[in-house]
Amino acid sequence: MDIELIDEETQEEDEKLPFAKAEVVRLMKQHLDDDKMIRERVKVEMNKFLGDVLENVCRELNKYPYSTVEYEMLKESTYPYTNITRINEEKERILKHLEAIKADCDALSMDVKSTLKLNDRPDQEEDEDDLF
């Protein structure tokens, strides 16, 4: 493939990206280990991902009836992204609690089956009362 053709394709791809690729790559390198190399596809997909996050946040901001976007509105709209660790910890806590509840229900079910046998009546012959 001709080098000029590759450069043209890269430039066309850069035009479709929401952010300047060089800035996204600079930020990625700033937070990655020094020995990491970033493939071109990763650079492009990270750029698209950041654009998607921006779109989602703006969609949330549009739900407010006000014509001016305030900082508190931004904080609420970015909450799922800025607090993902805490949200995941809460999810794990809830799942563990549900498992404990399920274990309690299973234990109670076994107790009911073993102690309150409604259909099994060993003294059925002696008991002439058909009410139960």
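What counts and what doesn't
Residues numbered from 1 in each chain as written. Predicted model: local features only at pLDDT ≥ 70, side-chain atom pairs only at ≥ 80, totals over all residues. Heavy atoms only, no water. pLDDT = per-residue confidence, 0-100. Helix = DSSP H or I, 4+ residues; strand = E, 2+ residues; numbered from the N terminus. Salt bridge = Lys/Arg side-chain N within 4 Å of Asp/Glu carboxyl O. Buried < 20%, exposed > 50% of the residue type's maximum accessible area, 1.4 Å probe, protein only.

### As for the confidence of the model for the protein chain
Right, so step 1: Mean pLDDT over the protein chain: 85, with 77% of residues reaching 70 or higher.
Right, so step 2: Element-level pLDDT for the protein chain is lowest in helix H1 (residues 3–16), with a mean of 61, against a maximum mean of 96 in helix H3 (residues 40–61).

### Points about the pattern of salt bridges
Right, so step 1: The tally for this structure, following the rule as stated, stands at 7 salt bridges.
Right, so step 2: A salt bridge links lysine 21 to glutamate 40; the nearest nitrogen and oxygen atoms lie 2.2 Å apart. A residue pair is termed long-range when its members are at least 10 positions apart, and lysine 21 in helix H2 (residues 21–31) and glutamate 40 in helix H3 qualify at 19 residues.
Right, so step 3: For lysine 21, a relative accessible area of 13% corresponds to the buried category.
Right, so step 4: Between lysine 48 and glutamate 45 there is a salt bridge, with the nearest N and O atoms lying 3.8 Å from each other. Here lysine 48 and its partner glutamate 45 are both found in helix H3, 3 residues apart, which amounts to about one turn of the helix.

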